[in-house]
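Chain and residue survey
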2 protein chains.
Amino acid sequence: MTDTKPILYSYYRSSCSARVRIALNLKGIAYEMRPINLVKGEQQSPEYKALNPGGFVPYLIADGHGIPQSVAILEYLEEVYPETPLLPKDAHQRAQVRALMGVICADTQPLQNLKILKTKPESERAAYAVQIIEDGLAVADKMLESTSGKYCLGDEVTLADCCLIPQLYNAHRFGVDMDKFPNVKRIELNTAKLDAFVDAHWQSQPDCPEELRK
Amino acid sequence: MTDTKPILYSYYRSSCSARVRIALNLKGIAYEMRPINLVKGEQQSPEYKALNPGGFVPYLIADGHGIPQSVAILEYLEEVYPETPLLPKDAHQRAQVRALMGVICADTQPLQNLKILKTKPESERAAYAVQIIEDGLAVADKMLESTSGKYCLGDEVTLADCCLIPQLYNAHRFGVDMDKFPNVKRIELNTAKLDAFVDAHWQSQPDCPEELRK
């Protein structure tokens, strides 16, 4: 643990950045945000690539060390800031949380991010993104039948919620019908009552253009 | 911990299954393998989907509980079978291992799996897969400059090696030039000397057709 604030490189519209913003908020960790504008290509600048060769966000600097990859950052935060735990104690329940994280973070989000959408003809992008997101949410919703309560795992917020909710920003952007996913929809409504989720929302970020802010 | 052997649903060609096979071997965990033929669509059977709604492999049943998603399984094995640790003790080093896992398991493999390749015209698939794999390995290789020794993190095998090596099965399948990635190439050569990796290789699996076996 360190006395200096962690620094988070983030982009308001990045759902992967939002996962980390939510976890930092839930754990009450004060941090400094440095916006990286992905649309302007700031992640490709020599300065940023020298720091983070992957050139993505989020990227966290904590205790003088840099960490790329949102899931690696979430696991790090859980290990180093164990107050307000975001993983349960039981090994099988931890596996359930991480399995839900995998459905979103490996099987859904990467397939519908800008890099992949750009490989499609523009006229096909929206339908493709909807299909990918619906496929992912269908699996998540089925798993949530047996795991969820108010949140993804019973009535305690976990890292699974930190990953699921930002995926729904993209679902709404592409007009996905949330009534198809009743467990996901319930969890979205419940997390929307929590400041940590509200404050991490893309429309609440300092780098969100004024006209899009909530 | 349990007395009954874990059951692994696996497909010989699945690089995600191979991650788990390697970890089980490294930890010396005896397990029962149940092959699921993805090309024949066995993952879509009602019996398998009732077990694993995601319909993917790998899927592990341990201690009576099922776990989908390879990364969730790897973390579970590390927690429940701590002998032969595959994560270092230091939080920043653990983050380095998990960041490398993310580069492969979120940013590379999902983008070049069969589901996505099938959305492309057949004539474009190979070039697309090569590009995705090279992009991913370029990031990994750059990160490995500062983390690797004989293996991804210094001279001890970690979960990062369990994830990196199966990605190289796909790299070779598509003819990726490994000389572009000297750190990855060195680690591949070093892990090829270890039984755990040799025995988990796709060409060593019981469900691999005879004519493709090593």
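Residues numbered from 1 in each chain as written. Chains lettered and ligands numbered in written order. Predicted model: local features only at pLDDT ≥ 70, side-chain atom pairs only at ≥ 80, totals over all residues. Heavy atoms only, no water.

The space that makes up the second largest pocket amounts to roughly 470 Å³. Elements represented by at least two residues in the lining of the second largest pocket include exactly helix H3 (70-80) and helix H4 (91-105) of chain A together with helix H3 (70-80) and helix H4 (91-105) of chain B. Grouping the amino acids of the lining of the second largest pocket by side-chain chemistry returns nine nonpolar, four polar and 12 charged. (1 Å grid on protein atoms, 1.4 Å probe; cavity = no way out; pocket = protein on both sides within 12 Å on 5 of 7 lines; lining within 4 Å. Points joined across faces, edges and corners; volume = space filled by probe spheres on them. Helix = DSSP H or I, 4+ residues; strand = E, 2+ residues; numbered from the N terminus. Nonpolar A, V, L, I, M, F, W, Y, C, P; charged D, E, K, R; others polar.)

It is worth spelling out the UniProt feature "domain: GST C-terminal" (unreviewed entry) in chain A at this point. Under the local residue numbering, the UniProt record ascribes the feature "domain: GST C-terminal" (unreviewed entry) to residues 90-210 of chain A. With 63% helix and 0% strand, the stretch residues 90-210 of chain A has end C-alpha atoms that lie 44 Å from each other. (UniProt positions renumbered as here; feature names shortened; annotations may be inferred.)

Each side of the interface is counted separately: chain B has 37 residues, and chain A has 37 residues. Counting the surface chain B buries against chain A, the share from its top three residues, Gln69(B), His92(B) and Arg98(B), is 19%. Where chain B packs against chain A, one counts eight salt bridges. Among the ionic pairs, Lys115(A) bridges to Asp135(B), the shortest N-O distance being 2.7 Å. At the junction of chain B with chain A, the criterion picks out 12 residue pairs in polar contact (both at pLDDT 80 or more). With nine residues, the single largest contributor to the side of chain B that touches chain A is H4(B). (Contact = heavy atoms within 4.5 Å. Buried area = accessible area lost by both parts, 1.4 Å probe. Salt bridge = Lys/Arg side-chain N within 4 Å of Asp/Glu carboxyl O. Polar contact = N/O pair within 3.5 Å; in protein donor to acceptor, adjacent residues only side chain to side chain.)

Okay, helix H1 (residues 15-26) of chain B next. All names here are of chain B. Taking 1.5 Å per residue, 12 residues should reach 16 Å; H1 reaches 17 Å between its end C-alpha atoms and fits that length. Counting buried residues along H1, 11 of its 12 residues qualify, which places the element largely inside the surrounding structure. Taken as a whole, H1 has its buried residues at Ser15, Cys16, Ser17, Ala18, Arg19, Val20, Arg21, Ile22, Ala23, Leu24 and Leu26. Structurally, H1 contributes buried residues whose contacts are with strand S1 (7-10), strand S2 (32-35), H3, H4, helix H7 (159-173) and helix H9 (195-200). (Expected span 1.5 Å × (residues − 1). Buried < 20%, exposed > 50% of the residue type's maximum accessible area, 1.4 Å probe, protein only.)

This part takes up the relation of the copies chain B and chain A. Superposing chain B onto chain A takes a rotation of 180 degrees plus a shift of 0.0 Å along the axis, which leaves an RMSD of 0.0 Å. Classification of the inter-copy transformation places it as that of a two-fold axis. Rotation axis and chain B: the residue whose C-alpha lies nearest the axis is Ala106(B), separated from it by 2.1 Å. Interface residue correspondence from chain B to chain A reaches 100%, placing this contact among same-surface, isologous pairings. (Least-squares fit on C-alpha atoms with pLDDT ≥ 70 in both.)

In a soluble, globular protein the nonpolar side chains are often hidden away together inside. Among the nonpolar cores identified, the biggest contains 138 residues, and Tyr76(A), Leu77(A), Leu137(A), Leu164(A), Tyr76(B), Leu77(B) and Leu137(B) are the most heavily contacted of them. Once you skip the residues sitting within four places of it in the chain, Leu137(B) turns out to touch Ile104(B), Leu164(B), Leu168(B), Ala171(B), Val176(B), Met178(B), Phe181(B) and Val184(B). Core analysis: the next-biggest nonpolar cluster, separate from the first, contains 12 residues, Leu111(A), Tyr128(A), Ala129(A) and Leu117(B) among them. (Core = buried A, V, L, I, M, F, W, Y, C linked by side-chain atoms within 4.5 Å.)

This part takes up the UniProt feature "domain: GST N-terminal" (unreviewed entry) in chain A. Within the UniProt annotation, "domain: GST N-terminal" (unreviewed entry) is assigned to residues 4-85 of chain A. This span, residues 4-85 of chain A, is 35% helix and 20% strand, and a straight line between its end C-alpha atoms measures 21 Å.

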